[in-house]
Amino acid sequence: MNCPHHILIYESKRRSYRDLPVRLAELGTMYRYELSGALSGLSRVRCMTLNDAHIFCTPDQIKEEFSSVMSSSSAPIATRHHQVRYRLSLRDLRNKEKFVDNDAMWELASACCASPWTASA
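Residues numbered from 1 in each chain as written. Predicted model: local features only at pLDDT ≥ 70, side-chain atom pairs only at ≥ 80, totals over all residues. Heavy atoms only, no water.

1. Some thoughts on the overall build of the protein
What the protein contains, in helices and strands, is three helices and four strands. The order of helices and strands in the protein, counted from the N terminus, is α-β-β-α-β-α-β. In the protein, which comprises 121 residues, the proportion classed as buried is 21%. Once local pairs closer than 6 in sequence are excluded, the contacts in the protein between residues at least 24 apart make up 58%. Here the protein displays about 9,700 Å² of accessible surface, and carbon together with sulfur accounts for 55% of that area. (Helix = DSSP H or I, 4+ residues; strand = E, 2+ residues; numbered from the N terminus. Buried < 20%, exposed > 50% of the residue type's maximum accessible area, 1.4 Å probe, protein only. Contact = heavy atoms within 4.5 Å. Areas by Shrake-Rupley, 256 points an atom, 1.4 Å probe, with all protein chains shown as cover.)

Dropping the structure here:
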């Protein structure tokens, strides 16, 4: 939701690879007013707070950053004795126009982050 803002923050000054990783996160309020019947359930709320985060890193930092994020987000839930399952969404090779057209980037990201994550207490 806030991707453009985080990219602008990252691009606001020159950075060296030595500055990486750069981690940005925020809680953002989103207001909506859809026409009646357009949505259902929780999607009909008028105001919600979303958490959004982005990590700018080098390719060799991806695996460690991904692992750190998954561990830190799983830990609080696991302490309450809940089982957590994550599913990583990947691009649809049949519908490439919806995704950045960089096969090498997608293959690297998929290889670094595709291992299943399960946390339980």
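2. Topic: helix H2 (residues 62–78)
Between the first and last C-alpha of H2 there are 24 Å, a value that for 17 residues agrees with the 24 Å anticipated at 1.5 Å per step. Restricting attention to buried positions, one finds in H2 the residues Ile62, Glu65, Phe66, Met70, Ser74 and Ala78. (Expected span 1.5 Å × (residues − 1).)

3. What about the side chain of threonine 58?
When you line up the elements, threonine 58 lands in the loop between strand S2 (47–56) and H2. Classification of threonine 58 as buried rests on a relative accessible area of 15%.

4. Describing the layout of surface pockets
Taken as a whole, the largest pocket holds about 880 Å³ of empty space. Lining the largest pocket are 23 residues; nearest its centre among them are Leu24, Ala53, His54, Ile55 and Val69. Elements that contribute at least two residues to the lining of the largest pocket include exactly helix H1 (3–10), strand S1 (22–31), S2 and H2. Taken together, twelve residues line the second largest pocket, and the ones lying closest to its centre are Ile62, Met105, Trp106, Ala109 and Ser110. By residue number, the principal contributor to the lining of the second largest pocket is helix H3 (residues 103–113), which donates six residues. Classifying every residue of the lining of the second largest pocket by side-chain character gives ten nonpolar, two polar and no charged. (1 Å grid on protein atoms, 1.4 Å probe; cavity = no way out; pocket = protein on both sides within 12 Å on 5 of 7 lines; lining within 4 Å. Points joined across faces, edges and corners; volume = space filled by probe spheres on them. Nonpolar A, V, L, I, M, F, W, Y, C, P; charged D, E, K, R; others polar.)

5. Quick look at the pattern of salt bridges
In total, this model carries four salt bridges according to the counting rule given. A salt bridge links glutamate 65 to arginine 23; the shortest N-O distance between them is 2.8 Å. With glutamate 65 in helix H2 and arginine 23 in strand S1, this pair connects stretches of sequence that are 42 residues apart. A relative accessible area of 7% places glutamate 65 in the buried class. For lysine 96, the salt bridge is made with aspartate 103, and the minimal N-O distance between the two is 3.1 Å. A relative accessible area of 33% means that lysine 96 is categorised as partly exposed. One network of salt bridges, in which partners are shared, links Arg91, Lys96 and Asp103. (Salt bridge = Lys/Arg side-chain N within 4 Å of Asp/Glu carboxyl O.)

Spatial relationships are all this shows, so hold off on functional conclusions.
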